[in-house]
Amino acid sequence: MIRCENLSFSYDKKKNFIKDLNININIGKITTILGPNGSGKSTLLSLLSCYNKPDNGSVYLDDINLSNIKTKEIAKKIATVHQENESPEDISVETLISYGRTPHNKNNKAEDENIINWAIKSTSLEEIRNEKVMSLSGGQRQRAFIAMALAQKTEVLFLDEPTTYLDIYHQIEILEMIKLLNEKYNLTIIMVLHDINQAIKYSDNIIIMKEGKIVEEGKPCDIINDKTIKDVYKVEGIICNVEEEMYFVPKSAC
Ligand SMILES: Nc1ncnc2c1ncn2[C@@H]1O[C@H](COP(=O)(O)OP(=O)(O)O)[C@@H](O)[C@H]1O
Ligand SMILES: [Mg+2]
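Residues numbered from 1 in each chain as written. Chains lettered and ligands numbered in written order. Predicted model: local features only at pLDDT ≥ 70, side-chain atom pairs only at ≥ 80, totals over all residues. Heavy atoms only, no water.

A separate point is the nonpolar core. Ranked by internal contacts, the top residues of the largest apolar core, which has 48 residues, are Ile 97, Ile 146, Leu 157 and Ile 224. In contact with Ile 146, other than residues within four places in its own chain, are Val 81, Thr 123, Leu 157, Leu 159, Ile 174, Met 177 and Leu 181. Residues Leu 45, Leu 47, Ile 78 and Ile 207 belong to the second largest nonpolar core, which totals 25 residues. (Core = buried A, V, L, I, M, F, W, Y, C linked by side-chain atoms within 4.5 Å. Buried < 20%, exposed > 50% of the residue type's maximum accessible area, 1.4 Å probe, protein only. Contact = heavy atoms within 4.5 Å.)

Moving on: empty space enclosed by the protein. According to the stated counting rule, one finds one cavity of 30 Å³ or more in the structure shown. Considering only enclosed or pocket space, the largest cavity measures out at about 30 Å³ in volume. What lines the largest cavity is Leu 34, Ile 196, Ile 208, Ile 224, Thr 228, Ile 229, Val 232 and Tyr 233. Its residues assigned to classes, the lining of the largest cavity shows seven nonpolar, one polar and no charged. (1 Å grid on protein atoms, 1.4 Å probe; cavity = no way out; pocket = protein on both sides within 12 Å on 5 of 7 lines; lining within 4 Å. Points joined across faces, edges and corners; volume = space filled by probe spheres on them. Nonpolar A, V, L, I, M, F, W, Y, C, P; charged D, E, K, R; others polar.)

Take the domain arrangement of the protein next. For the protein, the domain assignment lists domain 1 (2-220) and domain 2 (224-254). A straight line from the C-alpha centre of domain 1 to that of domain 2 covers 27 Å. Counting from both sides, the interface comprises 14 residues of domain 1 and, opposite them, ten residues of domain 2. For the pairing of domain 1 and domain 2, the buried interface totals around 1,100 Å² over both sides, and the portion due to carbon and sulfur atoms is 66%. The largest share of the area that domain 1 buries against domain 2 comes from Ile 196, Asn 197 and Ile 200, three residues that together contribute 40% of it. (Domains from an automatic or database assignment. Buried area = accessible area lost by both parts, 1.4 Å probe.)

Below, the discussion takes up the environment of Gln 142. Along the chain, Gln 142 turns up in helix α5 (residues 138-150). Linking Gln 142 and Pro 103, residues 39 residues apart in sequence, is a C-alpha distance of 21 Å. Not counting the four nearest positions on each side in its chain, Gln 142 is found in contact with Val 81, Asn 85, Glu 161, Pro 162, Leu 166 and Ile 174. (Helix = DSSP H or I, 4+ residues; strand = E, 2+ residues; numbered from the N terminus.)

Attention now moves to the layout of surface pockets. The computed volume of the largest pocket comes to approximately 640 Å³. What lines the largest pocket is a set of 32 residues, and nearest its centre among them are Ser 49, Cys 50, Tyr 51, Thr 71 and Thr 80. Of all elements in the fold, only β4 (56-61), α2 (71-77), β6 (78-81) and α5 reach the threshold of two or more residues within the lining of the largest pocket. Counting residues per element, the lining of the largest pocket draws most heavily on β6, which supplies four residues.

Now for the pairing of strand β11 (residues 235-242). Pairing analysis gives eight bridges linking β11 to strand β12 (residues 245-253), with the strands arranged antiparallel. Among the inter-strand pairings, Ile 238 is bridged to a residue of β12, identified as Val 249. (Pairing = 2+ DSSP bridges.)

So, about helix α9 (residues 226-233). The set of residues buried in α9 consists of Thr 228, Ile 229 and Val 232. Buried residues in α9, looked at end-on, bunch into an arc of 95°, giving them a common side. Those residues of α9 that are buried lie in contact with α7 (196-202), β9 (205-210), β10 (213-218), α8 (220-223), β11 and β12. The backbone nitrogen of Lys 227 lies 3.1 Å from a side-chain oxygen of the residue at the head of α9, namely Asn 225. (Arc of directions from axis to C-beta. Polar contact = N/O pair within 3.5 Å; in protein donor to acceptor, adjacent residues only side chain to side chain.)

Moving on: the environment of Gly 57. Along the chain, Gly 57 turns up in strand β4. Placed ten residues apart in sequence, Gly 57 and Ser 67 show a C-alpha to C-alpha distance of 9.5 Å. When sequence neighbours within four positions are dropped, the list of residues in contact with Gly 57 reads Glu 5, Asn 6 and Leu 7.

So, about unusual backbone geometry. Of note in the backbone geometry, Asn 16 takes a positive phi value of approximately 50° without being a glycine. On the secondary structure map, Asn 16 appears in strand β2 (residues 14-25). On the basis of relative accessibility, which here comes to 38%, the residue Asn 16 falls in the partly exposed class. You will see that Glu 211, though not glycine, has its phi angle at about 50°, which is positive.

The next point concerns the pairing of strand β7 (residues 156-160). Counting buried residues along β7, five of its five residues qualify, which places the element largely inside the surrounding structure. Residues of β7 alternate between two faces, with Val 156, Phe 158 and Asp 160 on one and Leu 157 and Leu 159 on the opposite face, all of them buried. Here four bridges tie β6 to β7, and the two strands are oriented parallel to one another. Paired with Val 81 across the two strands is Leu 159, which belongs to β7.

Here it is in structure tokens:
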């Protein structure tokens, strides 16, 4: 369980943007954070992944208070793929992925190689492992950064808008890959998405945010309804079922 208690966080111009936030997130599941632009999705992700330090409160992973352990130890438990990924120029895909081994630093070349190969295979990057990261397409690039995070061999993977700059084919490709990683390796996924229907389809649980607060959390079928979406996004629409799957169909902004 990832658990946070009474979490508070301020930006300079936004005192207590996050205030007394409590949440439990199940290990081994896919949890998606939804909410309008500026609602605090990335801020919550950055607090849960220990990228930002809360002013108050703590984040626990399996009852370990993450604020009590060193960054390097946290990086063995938690990996994050940020929304904007910077790659140093002129490095190969494989070199980028090898950076994921940095927190382990055990000088066990054989183990590192095995894990890097596993990360490359899990993200279907075998054929382009020697290409330069700068030369990749959007979808390949995202897979390379996910592979670097996988090479950290953590229990938990955070992803901030992993599909945002991708066309629909590559969005689905990434989401299917994330689902497979969750199912095959029991990897806990916590991600931010914009697409409500993709969140419904790929998540065990959804957290909906508005103005720095969690307004709903739970299984997609329990919390996604036209009223909540209207309240949170100011969009009118209907929920319908197609081939036993639930979809939100937007009609108009209000
Ligand atoms: N580094 C920052 N400094 C100051 N304000 C920030 C910073 N990052 C985000 N904010 C503000 O905090 C609010 C929430 O931002 P964010 O968590 O990025 O929202 P979301 O990811 O849901 O779009 C926004 O109003 C944003 O302008
Ligand atoms: Mg964001």
